[in-house]
Each structure stands twice: as C-alpha cells, then as structure tokens.
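Coordinates in review
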Amino acid sequence: MSDFETVAASENQAARRGPSGEPGAPNQVGGTSTRAGKPRSLAGDAWRDLRRKPIFWISLTLVVLVSAMAAVPGLFTGNDPADCVLARQHAAPSGWAIFGYDFQGCDTYARAVYGARASLLVGALSALLTGVIALVVGMLAGFFGRWVDAVLSRVIDIVLGIPLLLAAIVLLKRVSSESSAVRIAAVIFVLAVLGWTTAARVVRSSVITAKEQDYVAAARMLGASNGRIMWRHILPNALAPAIVVLTIALGSFIAAEATLSFLGIGLREPTVSWGIDINNGRVHMRESATPLVVPSTFLALTVLAFIMLGDAIRDAFDPKLR
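Computed from a prediction, not measured in an experiment: that's the story for all the values here.

**Some remarks on the nonpolar core**
L172, I254 and W274 are the most contacted members of the largest nonpolar core, which totals 49 residues. Secondary structure elements with two or more residues in this core: α3 (54-71), α4 (108-144), α6 (164-172), α7 (180-195), α10 (226-262), α11 (274-283) and α12 (290-317). At eleven residues, the largest contribution of residues to this core is made by α12. Sequence-distant contacts of I254, that is, excluding residues within four places in its chain, are made with S119, L120, G123, W274, L299, T302, V303 and F306. Formed by 14 residues, the second largest nonpolar core is a distinct cluster that contains M139, I229, L235 and A242.

**Looking at α4**
Since the α-helix advances by 3.6 residues per turn, residues separated by three or four positions end up pointing in the same direction. An ideal rise of 1.5 Å per residue puts 54 Å on 37 residues; α4 measures up with 54 Å between its terminal C-alpha atoms. N-capping of α4 is provided by D107, with a side-chain oxygen placed 3.1 Å from the backbone N of Y109. Immediately downstream of α4, the backbone of G145 shows phi near 60°, a positive value.

**Here we look at the pattern of salt bridges**
Pairing of side chains with opposite charge becomes possible as their charged atoms draw close. Scanning the model with the defined rule gives six salt bridges in all. The residue R204 makes a salt bridge to D149 at a minimum N-O spacing of 2.8 Å. With R204 in helix α8 (residues 197-210) and D149 in helix α5 (residues 146-160), the pair connects residues that are 55 residues apart, well separated along the chain. The partner of R154 in a salt bridge is D157, and the shortest N-O contact between them spans 2.9 Å. Linking R154 with D157, this pair stays in helix α5, spanning three residues, or about one helical turn. Taking relative accessible area as the criterion, D157 reaches 30% and is therefore assigned partly exposed. Sharing partners across several salt bridges, the network here consists of R111, E269 and D277.

**Some details on the environment of I307**
When you line up the elements, I307 lands in helix α12. Take I307: its relative accessible area is 29%, and that puts it in the partly exposed class. Taking the C-alpha atoms as reference points, I307 and L246, separated by 61 residues in sequence, lie 9.8 Å from one another.

**Quick notes on the packing of α4 against α7**
The description of two packed helices rests on the angle between their axes and on the distance between the axes. Where α4 meets α7, the closest approach of the two axes is 8 Å, and the angle between their N-to-C directions is 40°. Between α4 and α7, the angle falls in the class oblique. As α4 packs across α7, the resulting crossing turns out to be right-handed. Residues L121, V122, L125, S126, L129, T130 and I133 of α4 pack against I184, V187, I188, F189, L191, A192 and G195 of α7.

About the criteria used
Throughout this description, residue numbers start from 1 for each chain and increase along the sequence as written. Reporting in this predicted model follows two pLDDT cut-offs: at least 70 for local features of residues, and 80 or more for side-chain atom pairs to be given and counted; totals over whole chains, interfaces and linings ignore these cut-offs and use all residues. Only hydrogens and water are removed before side-chain values are computed, so all heavy atoms of the structure are retained for them. Buried Ala, Val, Leu, Ile, Met, Phe, Trp, Tyr and Cys residues that are joined via side-chain atoms within 4.5 Å together make up what is termed a nonpolar core. The cut-offs for exposure are 20% and 50% of the maximum accessible area for each residue type, with area from a 1.4 Å probe on protein chains only; residues under the lower value are buried, those over the upper are exposed, and the others partly exposed. Numbered from the N terminus, helices here are DSSP runs of H or I no shorter than four residues, and strands are runs of E no shorter than two. By the convention used here, residues are in contact when the closest approach between their heavy atoms is within 4.5 Å. To estimate the expected span of a helix, subtract one from its residue number and multiply by 1.5 Å. Polar contact is defined as a pair of N or O atoms within 3.5 Å, subject to the rule that within protein one atom must be able to donate a hydrogen and the other to accept it, and that residues adjacent in sequence are counted only when both atoms are side-chain atoms. By definition here, a salt bridge exists when the distance from a side-chain nitrogen of Lys or Arg to a carboxyl oxygen of Asp or Glu is within 4 Å. A fitted line through C-alpha atoms represents every axis, and for helices the fit uses only the stretch in contact; the resulting angles, taken between N-to-C directions, go from 0 to 180 degrees. Roughly parallel covers angles under 35 degrees, roughly antiparallel covers those over 145, roughly perpendicular covers 65 to 115, and oblique covers all other angles. Crossing chirality is assigned from the near helix's rotation relative to the far helix, an anticlockwise turn below a right angle marking it left-handed and a clockwise turn marking it right-handed.

Below you can see the structure in the form of structure tokens.
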C-alpha cells in the first residue's frame, strides 16, 4: 500500500470514529447533529425544540387534564351537576362542595367539571369539520390553480369578511329547536362553516409550495394521476401546518361557543356549559361571585392552553424561528 493510500485510509477511519475518537460518535454536519451519518428529520428537530420549552409542557398538561375531565368527569367529582336543592342556595364551600353552591343549589365545581364536555365537544368537532373543509378547498385551489384558484380564493375572501360571532348569532337565531343534540350540531356547523378560511389559506400556500418539488414532477413522469399525487404526496405536506392552525382555532371555537351560550343563542339548559354557567353567575354575582369565577377560570385556562400549545408547535415546526 502506498503512502497516499495509507493516509487516506487513516483519515477515513478517523472520520468514522468521530471527534471523540469512538465509533458511532455523533458528527456535526452543517450545524445539525447526526448519528451514523443519518440526519435528523424536521419532526425530530421540532420535538427536540419542544422538549426544552416549559410552555409546551404546561399547555399540554392542561389540555390532557381538560380532555380527561370531559371524557371521564366522574374521576374529578363525585357530585351530580343536576343534583340541585334550593335549600343550599349560595351555601358556603365545604368538603363536599369545595367551591360552594350556585343560586339553584347546584355544586359549582361539579357543573364546571361537567361543563368541559360540551365545550370541548363543540370545539373539537368544529375544528375537525373546519379541517375537512379547509383541506378540500385549499388543496383544490393550490393544486389546480388558474380559474379554480381564482374562484375559490374569492370565496375565501368573502367568507373571511363575514364577522364570525355576528353571523353565528344571525344563523343560530333561526334554530328554534330546544333539543340539546340539535343545538350542539347547529353550533358546530355554524362555527365550522364560518371559521375555515384561515386554515384553507395555509393549506393552499403549502400545496403551491409542495407541487413544485421534484418528487411531484417525478410522480407525474411515472404516470401518477392527479388524485394519487394529491393524496400520496401533497396531503402529507399540507397536513402539518393545517393541524397547527386548527389547534389554535380549537381554543377560539371553545371561546365562541361559550360566548354564544352566554348570550342564550348557543347551548341552553339542561345542557351543562361554561357559557351558561357564566351567564347565570353574572345575574347572581352580588349574592355570590364563586359561580361566576369558577367556570370563567376553567374557560380561560382551557382556551389559553390550546392557543399556547398551537403557538409552541408552530414555532417548533417553522425553521425560520429556530
């Protein structure tokens, strides 16, 4: 073996060992840590960034707590929110009711716990339906372009110009049914129909960027249909930013539902909702402030948790912010 070949072999062996001199030690390539020559993915970088953020863990803990509260409220309180006795009206807090009773003699804490179910159900289903509409409209507009993009973009602009709460009030005024299921479905439908525009714009931008990539051109050359390209190659790239937007929107939908129920237009008794309890607590605030403060605190923390979680995920997945 020549001297040149010996030196080259030594350099290759040192490169494989890494800076620490041990096999398999991570290398620094372009500022991104790799192991065994395999670079980290965007999701891996995002997860490493999220793990170092206290805001992410705080918001995630609150979201999990509220979700568990909505799914299994019996784990958080042994009282029935419908167990109301007028003799306990505005009674002081006790070991059985830690926040006392409201004007109807109902356990304030139990109603706040059970109120998470309706509020989270409306918010989650509204966000899900919003995501479906946004994905369909955004993908069609971004992928086909031309007159399809022009028409759908104008539709987005028109809906975006409609005030959500004002339009929701007008539309829900037409719902005369007192059935809880009907009113919940009506609120979900109205919020989704009026709230999909921002997510659709994000999806459209992601699709326009993705369809110019080389892998899409390669799929076209191999004879893939438009439907296959959109489903297999475009959708995975458009889904991640849409989920971030919808996570933030979920908190906004929960706040919108509480506002509509507070005004007596959204959910109504006997449905247990934070908006309904806040309205009842406002009327009887002079007798006792606890029935107003407790559901308001639950609502504020829940909305804040979803917004903070969405912001943390957005910052982690945006390379420009790292």
